Amino acid sequence: MPKYFAIIPAAGFGSRMENQLPKQYLPLSGKPMIYHAVDTFCRSALIHQVFIVLSPQDTQWQQYDWNVYDEKLTVLYQGGATRAESVLNGLIEAPNNYPVTAQDWILVHDAARPLFTQNQLKHLIEAVGDDPVGGLLAIPIADTLKRSNSDNCVAQTESRDNLWQAQTPQMFRYQMLVDALSNNTHQNVTDDASAIEALGLHPKLVHNRDYNFKVTYPQDLELAEIIIKTRNNP
Ligand code: C5P
């Protein structure tokens, strides 16, 4: 039976947050943002091991106490210049720390999606099942889409039919993901699924009906704080 592993690339600097602290460490509900995703994966019995990919220059991780997760957490200081490079570096390094085989599932999750829960994890794993390609959490686009011209005026309205917003986790077999990212780190690959798609494959879109947005702008952090508070005190 294939095993399930999580890998969290957290080697970015989050320039859109207007903050000196890399966004994965911004305080959220009394913890650094990355803690929330780490906690969901580490507490799940479905997940065998959790790999965190940090920048070699990271000075923040060790400021916090991660002992509660003990051996389930492996930290790799192998972050690269892009997200795709960070993920690939982590994937290549992971088997040196823990036995990972070609057919094992890898769930890649952004440190900046702190609202990811155990239920979402179970839903993704069940929906993907033993799909030969893999899949990702996603939501159908709700807003009307405008394409802008160079003056930030509307050039045209785009159809939103069949358009989805990709989220994470995105789950693929270890070897397929390594092969896909090895071919693609030089291109503008902003998620793992696009590297798989470049191989001519079609990852499954798994509709996520819960909050799991990426914290990108300062107002996202405020909303995430409210949602966590409400979930804790319904
Ligand atoms: O910047 P963005 O929000 O798209 O980053 C998504 C995730 O990828 C974040 O968790 C970020 O830390 C990570 N990342 C990385 N290495 C980079 C750039 C981003 O691990 N060079």
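The structure we're discussing is the one just above.
Just so it is clear, the structure is predicted and the values come from calculations on it, not from any experiment. (Residues numbered from 1 in each chain as written. Predicted model: local features only at pLDDT ≥ 70, side-chain atom pairs only at ≥ 80, totals over all residues. Heavy atoms only, no water.)

Participant: I keep staring at the sheet that holds strand β5 (residues 73-76) and nothing clicks. Help me out?
Facilitator: In a beta sheet, neighbouring strands are held together by backbone hydrogen bonds and run either parallel or antiparallel to one another. The mixed open sheet is built from seven strands, whose spatial order is β5-β4-β1-β6-β10-β7-β11. At either margin of the open sheet sits one strand with a lone partner, and together these are β5 and β11 (204-207). Neighbour-to-neighbour, the strand axes of this sheet turn through a mean angle of 25 degrees, independent of strand direction. Sheet topology note: the strand β1 (residues 4-10)/strand β4 (residues 49-54) ladder contains six bridges and is parallel. Counted as the bridge partner of I8 is I52 from β4. The sheet strands contacting helix α2 (residues 83-93) are β1, β4, β5, β6 (105-108) and β10 (164-173), and the helix crosses β1 at an angle near 135 degrees. (Pairing = 2+ DSSP bridges. Helix = DSSP H or I, 4+ residues; strand = E, 2+ residues; numbered from the N terminus. Axes fitted to C-alpha atoms, helices over the stretch in contact; angles between N-to-C directions. Contact = heavy atoms within 4.5 Å.)

Participant: Can you walk me through the site of the ligand in this structure?
Facilitator: Close contacts around the ligand come from 16 residues, with P9, A11, K23, G80 and S86 the closest. Backbone polar atom of A81 to a nitrogen atom of the ligand: 3.3 Å apart, as the coordinates give it. Contact between the ligand and T82: a nitrogen atom at 3.4 Å from a main-chain N or O atom of the residue. Surface burial for the ligand is 84%, taken as the share of its 470 Å² of free accessible area covered by protein chains. Secondary structure elements with two or more residues in the shell around the ligand: β1 and α2. Among the residues making up the shell around the ligand, the classes are represented as six nonpolar, five polar and five charged. (Near = heavy atom within 4 Å. Polar contact = N/O pair within 3.5 Å; in protein donor to acceptor, adjacent residues only side chain to side chain. Areas by Shrake-Rupley, 256 points an atom, 1.4 Å probe, with all protein chains shown as cover. Nonpolar A, V, L, I, M, F, W, Y, C, P; charged D, E, K, R; others polar.)

Participant: Hey, could you run me through helix α1 (residues 33-42) in this one?
Facilitator: Every α-helix winds through 3.6 residues per turn, so residues three or four apart in the chain are directed the same way. For α1, a buried count of nine out of 10 residues is recorded, marking the element as mostly surrounded by other parts of the structure. Of the residues making up α1, those classed as buried are M33, I34, H36, A37, V38, D39, T40, F41 and C42. (Buried < 20%, exposed > 50% of the residue type's maximum accessible area, 1.4 Å probe, protein only.)

Participant: Explain the pattern of salt bridges here, please?
Facilitator: Two side chains that carry opposite charge are able to pair once their charged atoms sit near each other. One pass over the full model with this rule turns up seven salt bridges. R43 is the partner of D39 in a salt bridge, and the nearest nitrogen-oxygen pair spans 2.8 Å. Residue D39 is classed as buried on the basis of its relative accessible area of 11%. For R43, a relative accessible area of 53% translates into the label exposed. (Salt bridge = Lys/Arg side-chain N within 4 Å of Asp/Glu carboxyl O.)

Participant: Honestly, the nonpolar core in this entry has me stumped. Any pointers?
Facilitator: The nonpolar side chains of a soluble globular protein tend to be buried with one another. Among the nonpolar cores identified, the biggest contains 29 residues, and I34, V38 and I52 are the most heavily contacted of them. Examining the composition of this core, we find that five residues originate from one element, α1, more than from any other. Residues in contact with I34, not counting those within four places in the same chain, are I8, A10, Q24, Y25, I52, W61, W66 and A111. (Core = buried A, V, L, I, M, F, W, Y, C linked by side-chain atoms within 4.5 Å.)

Participant: What is the right way to read the packing of aromatic side chains from this model?
Facilitator: Think of a pair of aromatic rings as described by two things: how far the centres are apart, and how the planes are tilted against each other in angle. Counting across every chain of the model gives seven aromatic pairs. An angle of 10 degrees between the planes, with centres 6.2 Å apart, marks the rings of Y25 and Y64 as stacked. Separated by 39 residues along the polypeptide, Y25 in the loop between β1 and β2 (27-28) and Y64 in the loop between β4 and β5 bring together distant segments of the chain. Look at Y25 and you get buried, because its relative accessible area is 1%. Summarising the aromatic geometry, the rings of W61 and W66 are spaced 3.9 Å apart at their centres and angled 5 degrees between planes, so their arrangement reads as stacked. Among the residues examined, W61 registers a relative accessible area of 5% and is labelled buried. (Phe/Tyr/Trp six-rings, centres within 6.5 Å; stacked < 30°, edge-to-face > 60°.)

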